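Chain by chain, the residues run as shown.
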Amino acid sequence: MVTEDVIVRTAGPADATGIAAVYAPVVEQTVISFEETAPDADELARRMLARPRLPWLVGELRGRVVGFAYASQHRQRAAYRWSADCSIYLDAGARGKGLGRALYERLFAEVRELGYVSLFAGVALPNEASVGLHEALGFTPVGVYRQVGHKQGAWIDVGWWQLSLCEAPPQPAEPVESVL
Ligand SMILES: CC(C)(COP(=O)(O)OP(=O)(O)OC[C@H]1O[C@@H](n2cnc3c(N)ncnc32)[C@H](O)[C@@H]1OP(=O)(O)O)[C@@H](O)C(=O)NCCC(=O)NCCS
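Everything quoted here is computed from the prediction, not taken from an experiment. (Residues numbered from 1 in each chain as written. Predicted model: local features only at pLDDT ≥ 70, side-chain atom pairs only at ≥ 80, totals over all residues. Heavy atoms only, no water.)

K.L.:
Break down the pattern of salt bridges for me, citing the residues and quoting the values.
P.N.:
Enumeration over the complete set of coordinates arrives at 12 salt bridges. Here Glu 43 ties to Arg 47 by a salt bridge, and the two come within 2.7 Å at their closest N and O atoms. Here Glu 43 pairs with Arg 47, and both are found in helix H2 (residues 41–48), just four residues apart, close to one helical turn. We classify Glu 43 as partly exposed; its relative accessible area is 22%. Note on Arg 47: relative accessible area 26%, which makes it partly exposed. For Arg 51, the salt bridge identified is with Glu 177, shortest N-O distance 2.5 Å. Here the residue Arg 51 occupies a position in the loop between H2 and strand E2 (56–61), and Glu 177 occupies one in the segment after strand E7 (154–164), the gap between them amounting to 126 residues. Using a relative accessible area of 60% as the deciding quantity, one classes Arg 51 as exposed. For Glu 177, a relative accessible area of 30% gives the class partly exposed. Residues joined in a network through salt bridges with shared partners are Glu 35, Glu 43, Arg 46 and Arg 47. (Salt bridge = Lys/Arg side-chain N within 4 Å of Asp/Glu carboxyl O. Helix = DSSP H or I, 4+ residues; strand = E, 2+ residues; numbered from the N terminus. Buried < 20%, exposed > 50% of the residue type's maximum accessible area, 1.4 Å probe, protein only.)

Listed below in structure tokens is the structure:
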């Protein structure tokens, strides 16, 4: 369970410094992210405001960002516009207490509300916690890109998981953007 002290809320550019602090160790010390240089707050604020604008959420514990989750465009070409990717990162001390589920449940509800139909998650393998989270939230495996990345001296596979946010409508309405 998420403790009473942790709140989940919409993130804005003012949270970019806190988000950068959560993300930097993942980039610098693990192969979970395929980035090699941790983005600074300015770069994260720019990503938050990217178009089409999609939701970013933070988990906050007594005023400190301890985790974040966001959705982003899946691919640029027009026919992909009802599909989004999702990502989530928590401080080591905030894991295993329900915050991942809380962030994702709210993120998915918001993305569904915008008119998106499918969500995708790429997971550098192995990552038991991430696979467990995605499958607990209803994602099903799509397939594996083998040796698609090389980081920290090793080739890495990325598994893809998919969640249908709704029954795909034959004539989907245009998705709308989230409002900060
Ligand atoms: C992956 C991550 C976001 C999970 O968040 P979390 O807060 O630890 O997960 P929760 O406590 O909300 O658990 C949610 C579900 O995930 C599953 N899960 C969580 N940790 C797990 C683990 N170590 N092994 C297996 N399943 C796990 C649980 O089965 C749980 O299911 P339930 O809610 O039905 O009980 C978190 O571990 C993390 O930030 N890891 C490092 C960054 C990362 O790997 N991000 C994903 C990149 S693809």
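K.L.:
I'd like a description of empty space enclosed by the protein, backed by residues and values.
P.N.:
Considering all chains together, one arrives at one cavity of 30 Å³ or more under this definition. The computed volume of the largest cavity comes to approximately 30 Å³. Listed by contribution, the elements that provide at least two residues to the lining of the largest cavity are H2 and strand E3 (64–73). Its residues placed into classes, the lining of the largest cavity shows five nonpolar, no polar and one charged. (1 Å grid on protein atoms, 1.4 Å probe; cavity = no way out; pocket = protein on both sides within 12 Å on 5 of 7 lines; lining within 4 Å. Points joined across faces, edges and corners; volume = space filled by probe spheres on them. Nonpolar A, V, L, I, M, F, W, Y, C, P; charged D, E, K, R; others polar.)

K.L.:
Tell me about the nonpolar core, and name the residues and values.
P.N.:
Judged by nonpolar contacts, the single largest core of 29 residues is most densely connected at Cys 86, Tyr 104, Leu 107, Phe 108, Leu 119 and Phe 139. Elements with a minimum of two residues in this core: E3, strand E4 (83–90), helix H3 (99–113), strand E5 (118–124), helix H4 (128–136) and E7. Here this core takes six residues from H3, the largest share from any one element. Ignoring sequence-local partners within four residues, the contact set of Cys 86 consists of Tyr 70, Ala 71, Tyr 104, Leu 107, Phe 108, Leu 119, Phe 120, Ala 121, His 134 and Phe 139. One finds Ala 11, Ala 16, Val 26 and Val 27 within the second-largest nonpolar core, a separate group that totals 17 residues. (Core = buried A, V, L, I, M, F, W, Y, C linked by side-chain atoms within 4.5 Å. Contact = heavy atoms within 4.5 Å.)

Keep in mind these numbers describe shape, not what the thing actually does.
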